[in-house]
Amino acid sequence: MRFVLLLMIFFCGVATAEVETFVRDYTYNASENDSKVSARKAAMQQLQSLLIQEVGVQVRSTFEVDDTVSNDVLTREVKANYGTFARAFTQTKILDERWNGETFYIKAEVIVDTDNLIETIQQVYVQQVNVPAKTTVCEDTREKVKKLLYNAHRRESVAEAIELAMNNPIDEDCHDWQFMIIHNFKSLGVHDDDYRQFLFEQIKQEKSSLIDRLLVDVLNYAIRVNRLSDDEWQVVTETLALTHSGVVNSVIATLINGTQVLDDHKYSESSKKSNAQKQTHDALKAQLDELLHLTGQNKIGLDEPATVSQVSSSILPRLMSYQPELVPDYYERLSRQINRAGLQRLSNSVTNYYKKQPDEERLNVVKSYFNQVVINQAVSNSLYGLFQRLERERKSPELSMAALKSIINSNKDQAALVMELARTNDKTRNLWSIRFDLPNSSACSLKECAAMLFDLDKRTQQTGAEFLVAYGERAKPIKNKVIKKLERIRALNKVQEPTHLVSSLLKVLEQIDATDDQSVSLMVWGLGGASKKTQDQARASLTHLGSKALPQMIVEFDQAKQYVQRRMIEVMGTFKTDRAKTDNFLKQVKPANNHIRFAIEDARESLTLPSS
């Protein structure tokens, strides 16, 4: 009685309410399958729904707490009765809208018939508050189903659950336990021809919004326990014309997950058996091709048909994750059908596809994508992550670096855009730009980098040396500058040389194949460096030059300290050419200690081995 009185008072209070104008905005985060049109529609609907709920909260605040329902109930009712509530909007004017492929921002002026809207909301509350208590039949049936499924290892329990299911309708209210049976039968692999036929008949007969969920759940169950028949597939394709356009994405995912995995050598025996029961690649290809054909004829989706771009965007990433063998068959064809935003959303899928198994075939897909996509921040993040991984690869560094160069050299303008947006510091960005000779770089020129070696600031000197290393063999014109800097460091004769600077400059000499006497002399000096990093780089540089460094090494040998002599001998043992000449020199060396004697023995033995 108190509720009725309050409600009557409220009705009287709002009877003279006037039309009101609201200005609201909303930003909608688009899914990978949203177009600009669908994102705009969703953003507008969300903006209006939130406005309805805002008014609804005001209405609810006039009710006694004990006599009302929660915000959650109102939210559900707004979603369920959006069309009814939206009739109160007499006019909507778009003030601003922006679409960047990922989000749709909308700002609108909405004129609302508040009397109409408030009355509709009050009716919802009255219905919610005065709903009579449901009978216990629904709950009793649910409990019965739970017990049957708990005992699903018994044939009689499965048979009883099937009989119960086939003698009741499927809905999301009293008979929502039907979905419980479907999900459990899928997990348990329960196969029954009559039950399966019943489910597909229910799909054909269903005309409500439940059809979206029913199609996906039944397909998920059916394809998991056995391959689809032609008749079942026909039901799927015909039903897709009656569903929301986004349902096709779930169907595609189900079809791909229900297909055999070719590389199952890591599977257990039971998993291999289960895999063998799945549909074949040929069956999947036929299904995907038919879906693409139907999409092209606008036969997928009821209100707003799915686009070829949307369906292609759904197929490719799932193939890359679960059926990579099919990617080469589909990528070139489908990628050209995908719009710019859809192609950008593929970036993580493409890079992960290559990372899982880096080979020539997958590299070609990456290169094709790299040349197609319009670079944005998300794409740059994905591609730069791949670049870094290839650069740092230790298992097969030569192959990885070759792949990296192949990608970047296929389109240096694209690579420059990736680096421009890369989340890294300017120094690293410049190093990449120099190393791969990218256009529009703000990095120092070769002469400018060389001049940095003679700056008063030691950090600037080191940065200049690192940039010169990045220039690689293109640094030949400034060889004399590098030698001049190293000679000055050697002349200072410090106990501890600037390790990073010296090793970087020795690396530059190595990269430009500096075999002149002065360069080789500096490398030999580096063998006696105080730091292991300097020693290792000097060793690597001399090893790279090989026997071309031998004449000057012989000249330097007698004047070198004993530990340097030992290191020089170890380097000589790695030479691949002029082995006889090298061996002849080593035979004449009189070892000053056992370390040198053992080094000579090992080096001469290495020189007698076949050249690899």
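Residues numbered from 1 in each chain as written. Predicted model: local features only at pLDDT ≥ 70, side-chain atom pairs only at ≥ 80, totals over all residues. Heavy atoms only, no water.

1. Things to note about the overall build of the protein
- Helix and strand content of the protein: 33 helices and three strands.
- Per-residue burial for the protein yields a buried fraction of 46% across its 612 residues.
- Restricting the contact set of the protein to residue pairs at least 6 apart, pairs at least 24 apart contribute 68%.
- A total of about 32000 Å² of accessible surface is found on the protein, and carbon and sulfur atoms cover 48% of it. (Helix = DSSP H or I, 4+ residues; strand = E, 2+ residues; numbered from the N terminus. Buried < 20%, exposed > 50% of the residue type's maximum accessible area, 1.4 Å probe, protein only. Contact = heavy atoms within 4.5 Å. Areas by Shrake-Rupley, 256 points an atom, 1.4 Å probe, with all protein chains shown as cover.)

2. Some points on the confidence of the model for the protein
- Residues of the protein with pLDDT of at least 70 account for 86%, and the chain-wide mean is 87.
- Confidence over residues 1-17 falls short of pLDDT 50; this stretch has 22 contacts with residues more than four positions distant or in other chains. (pLDDT = per-residue confidence, 0-100.)

3. A short note on the state of the cysteines
- Taken as a whole, this structure holds two disulfides when the rule is applied.
- For Cys-138, the disulfide goes to Cys-174, at an S-S distance of 1.8 Å. Across the S-S bond of Cys-138 and Cys-174 the torsion is about -110 degrees, and the bridge reads as left-handed. One end of the pair, Cys-138, is in helix α6 (residues 137-150); the other, Cys-174, is in the loop between α7 (155-166) and α8 (177-188), and 36 residues separate them in sequence.
- Judged by its relative accessible area of 17%, Cys-174 is buried.
- Here Cys-444 engages in a disulfide with Cys-449; their sulfurs sit 1.9 Å apart. Here Cys-444 and Cys-449 share a disulfide; its torsion about the S-S bond, 80 degrees, makes the bridge right-handed. Neither Cys-444 nor Cys-449 differs from the other in exposure class; each is buried. (Disulfide = S-S within 2.5 Å.)

4. Remarks on the packing of aromatic side chains
- Per the counting criterion, the structure on display carries nine aromatic pairs.
- Consider the rings of Tyr-195 and Phe-198, whose centres lie 6.3 Å apart with planes at 25 degrees: the pair is stacked. Highlighted residues: Tyr-195 and Phe-198, both in helix α9 (residues 193-205), separated by three residues, approximately one helical turn. Across the pair, exposure class does not vary: Tyr-195 and Phe-198 are buried alike.
- Ring centres 6.2 Å apart and planes at 25 degrees place the aromatic pair Phe-387 and Trp-432 in the stacked group. Here Trp-432 lies in helix α23 (residues 426-435) and Phe-387 lies in helix α20 (residues 377-392), a separation of 45 residues in the sequence. Across the pair, Trp-432 and Phe-387 agree in class, each one buried. (Phe/Tyr/Trp six-rings, centres within 6.5 Å; stacked < 30°, edge-to-face > 60°.)

5. Things to note about the pattern of salt bridges
- Using the criterion set out here, one finds 25 salt bridges in the structure.
- Across the salt bridge formed by Arg-604 and Asp-583, the nearest N and O atoms sit 2.7 Å from each other. With Arg-604 in helix α33 (residues 594-608) and Asp-583 in helix α32 (residues 579-588), the pair connects residues that are 21 residues apart, well separated along the chain.
- Residue Asp-583 is classed as buried on the basis of its relative accessible area, which comes to 17%.
- By sharing partners, the salt bridges in this structure join Glu-139, Arg-142 and Asp-176 into a single network. (Salt bridge = Lys/Arg side-chain N within 4 Å of Asp/Glu carboxyl O.)

6. Thoughts on the nonpolar core
- Of all hydrophobic cores here, the largest spans 90 residues; its most connected members are Ile-181, Phe-185, Tyr-195, Leu-240, Leu-319 and Phe-387.
- When residues of this core are assigned to their parent elements, the largest contribution, 10 residues, is made by helix α10 (residues 210-225).
- Ignoring any residue separated from it by four or fewer positions in sequence, one finds Ile-181 in contact with Val-145, Leu-149, Ala-161, Ala-165 and Tyr-195.
- With 55 residues, the next largest nonpolar core counts Tyr-471, Val-482, Leu-542 and Ala-599 among its residues. (Core = buried A, V, L, I, M, F, W, Y, C linked by side-chain atoms within 4.5 Å.)

7. Considerations on the packing of α7 against α9
- Contact geometry of α7 with α9 gives a least axis separation of 10 Å together with a crossing angle of 25 degrees. Taken together, the axes of α7 and α9 are roughly parallel relative to one another. Relative to α9, the crossing made by α7 is left-handed. Listed contacts from α9 to Ile-162, Ala-165 and Met-166 of α7 are Asp-194, Tyr-195 and Phe-198.
- Of the residues that constitute the contact of α7 with α9, the class distribution is five nonpolar, no polar and one charged. (Axes fitted to C-alpha atoms, helices over the stretch in contact; angles between N-to-C directions. Parallel < 35°, antiparallel > 145°, perpendicular 65-115°, else oblique. Left-handed = near helix turned anticlockwise from the far one by under 90°. Nonpolar A, V, L, I, M, F, W, Y, C, P; charged D, E, K, R; others polar.)

8. With respect to the packing of helix α29 (residues 532-545) against helix α31 (residues 562-572)
- At a minimum axis distance of 9 Å, the contact between α29 and α31 shows a crossing angle of 40 degrees. Of the possible angle classes, the one that applies to α29 and α31 is oblique. Helix-helix and strand crossings are classified by hand; for α29 and α31 the assignment is right-handed. Across the interface between the two elements, Gln-535, Arg-539, Leu-542 and Thr-543 of α29 pack against Arg-567, Glu-570 and Val-571 of α31.
- The residue makeup of the contact of α29 with α31, split by class, is two nonpolar, two polar and three charged.

9. Thoughts on unusual backbone geometry
- Positive phi, normally seen in glycine, also occurs at Asp-437, with a value near 50 degrees.
- Within the fold, Asp-437 resides in the loop between α23 and α24 (446-451).
- Even without glycine at this site, Asp-513 takes up a positive phi of about 55 degrees.
- Residue position: Asp-513 is located in the loop between α27 (499-511) and α28 (517-527).

10. Let's talk about α8
- In this model, α8 (12 residues) spans 16 Å end to end at C-alpha, consistent with the 16 Å of a helix rising 1.5 Å per residue.
- In this structure, the buried side of α8 is in contact with α6, α7, α9 and α10.
- Positive phi shows up at Gly-189, right after α8, with a value of about 70 degrees. (Expected span 1.5 Å × (residues − 1).)

11. Observations regarding helix α16 (residues 327-335)
- For α16, every residue scored as buried is listed here: Val-327, Tyr-330, Tyr-331, Leu-334 and Ser-335. End-on view of α16: buried residues confined to an arc of 110 degrees, all on one side of the axis.
- Where α16 is buried, its residues touch α14 (281-296), α15 (308-322), α17 (340-344), α18 (347-356) and α19 (360-372). (Arc of directions from axis to C-beta.)

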